[in-house]
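Coordinates in review
Here are the chains, one letter per residue:
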Amino acid sequence: MATAGDSSNPITPKPATKKRKPRKPKLAAATAQHVISILNTASSAAHTFLSQNDLYLLPSQSLQLESLLSSLPPPFSQLPSQPSLFHRFASSATLDFDQRWVQFFSVSRPNFYLLLSLLSPSLVIFLPSTIPPETALASALYRLAHGACYKTVARKFGLDSSEASCLAFYSICKAVNDKLGDLFEFRRDLERIVVGFGWISLQNCCGALGFGRFGVDGEIFGRNGSILVQALVDSEGRFLDISAGWPSSMEPVAIFRQTRLYLGVEDSRESELLKGPTYRLSDGCSIPQYVMGDSCFPLLPWLLTPYSEQDSFGSAEREFNVAHSRAMELVSTAFGRVKARWQLLARSWKEDSLEFFPFVIVMGCVLHNFLIKWGEPLPEESVGGCLKEEELLVFEGEGDETGQTIRDALAQHLSLASMRK
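Residues numbered from 1 in each chain as written. Predicted model: local features only at pLDDT ≥ 70, side-chain atom pairs only at ≥ 80, totals over all residues. Heavy atoms only, no water.

Some remarks on a negative patch on the surface
The grouping of Glu219, Glu351, Asp352 and Glu355 at the surface amounts to a negative patch. Of note, glutamate 219 is situated in the loop between strand 1 (205-215) and strand 2 (226-233). Residue classification places glutamate 219 among the exposed positions, given a relative accessible area of 64%. (Patch = residues over 30% accessible without salt bridge, like charges linked within 9 Å, V, L, I, M, F, W, Y side chains within 5 Å. Areas by Shrake-Rupley, 256 points an atom, 1.4 Å probe, with all protein chains shown as cover. Salt bridge = Lys/Arg side-chain N within 4 Å of Asp/Glu carboxyl O. Lys, Arg positive; Asp, Glu negative; His and termini not counted. Charge placed at Lys NZ, Arg CZ, Asp CG, Glu CD. Helix = DSSP H or I, 4+ residues; strand = E, 2+ residues; numbered from the N terminus. Buried < 20%, exposed > 50% of the residue type's maximum accessible area, 1.4 Å probe, protein only.)

Right under this line is the structure:
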């Protein structure tokens, strides 16, 4: 018992902590409804903005916005249907030099309709009546230029399904390769080609031969596997000859010896290819028509490769290798520009449709030539056009003696020409 003067207080128990009551179901439902309302308002605003401005946004911008919207849960990800992009676009972009044609389809308006006139007779045969030729061409060029998937292309261009979009794309691919394949001009335009290389001090040269690589998803060709494409180009960056579809696991010389170019030159019974007039150099030596080839190729009388480190090196050999390097840059630049214009080819191809990839690559190269022929400005080259970051194996066999003689004569000529400057 407490007494007077005792300063201590009796111990009093602490009040019990109140348990937090669970949130009422109505409050949780209201919060969820509020979030849904915000999402609905935001997605509706984005859809409206996209539908009202898709003709004026860059394709990369509209595709990115569509990708973000499609990542939302249903029903916010559902993009509303709208009339065909091409028909709305063609009605809006009526001037020949409206830059939106290049931004959307990587071709100017005049060249789009020129291409359409050349391909339409074939497309009428290939395509059902539900896919007009102009829609097929626009949708295929859009996919090739921007790498858009079939589902997106189908929705944008008013096609019934991804399958219809795929049909349109490969119909254009076949028509381009069939109708415009003669734009690979090596066998009928040698005089122009030789003159062009003469302007860069490679007299009687008929092309530069190298490889490009195009990535493939999966490991069918091993880790970081790719498709190799052997290409001969002229001094203006046109493709003169293409051989596509070789796995990167193959040795370049094995590919080379199976190509139409090699067989055509080596089989004298087929044609007089690279057997035209010789060129008399300033020192009196004459050299036949030839091609500059990468170090992965064998040295032949018609295929001149660079001097290696094992060769005796002097000023003549250095001058030749400098000129040879300029020629090889033509191959790299041509492939780089193809990938820059046609973004689908700059990306890794899906393994499940690999058998079609070589035909798409050839289509890209044919269209590259078509656009050069009709004055379309060239894009800046893309990184990784030719095999620089992953060098091909250098050919280690013996060089042809006649080829060595021709290369030495050209090297001396280039060295003398350099000293006169």
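Thoughts on the pattern of salt bridges
If you walk through the whole model with that rule in mind, you get 15 salt bridges. Salt-bridge contacts for arginine 187 lead to aspartate 241; the nearest nitrogen and oxygen are separated by 3.6 Å. Separated by 54 residues along the polypeptide, arginine 187 in the loop between helix 8 (162-179) and helix 9 (190-198) and aspartate 241 in strand 3 (residues 239-247) bring together distant segments of the chain. One connected set of salt bridges, linked through shared partners, spans Glu185, Asp189, Arg192, Asp234, Glu236 and Arg238.

A look at the pairing of strand 2
Across the eight residues that make up strand 2, a large majority, eight, are buried. Of the two faces of strand 2, both are covered, the one formed by Ser226, Leu228, Gln230 and Leu232 as well as the one formed by Ile227, Val229, Ala231 and Val233. Bridge count between strand 2 and strand 3: seven bridges; the pairing is antiparallel. Bridge pairing links leucine 228 to tryptophan 246 in strand 3. A loop of five residues connects strand 2 with strand 3, the two strands running antiparallel in sequence, and glycine 237 in this loop sits at a positive phi of about 90°. (Pairing = 2+ DSSP bridges.)

What to know about the environment of aspartate 408
Counting through the fold element by element, aspartate 408 comes out in helix 14 (residues 401-420). In this structure, the C-alpha to C-alpha distance between aspartate 408 and alanine 316, residues 92 residues apart in sequence, is 7.9 Å.

Section: the side chain of asparagine 111
Its location among the elements puts asparagine 111 in helix 5 (residues 109-126). The buried category is assigned to asparagine 111, whose relative accessible area is 7%. Among residues more than four places away in sequence, those in contact with asparagine 111 are Phe370, Leu371, Trp374 and Glu376. (Contact = heavy atoms within 4.5 Å.)

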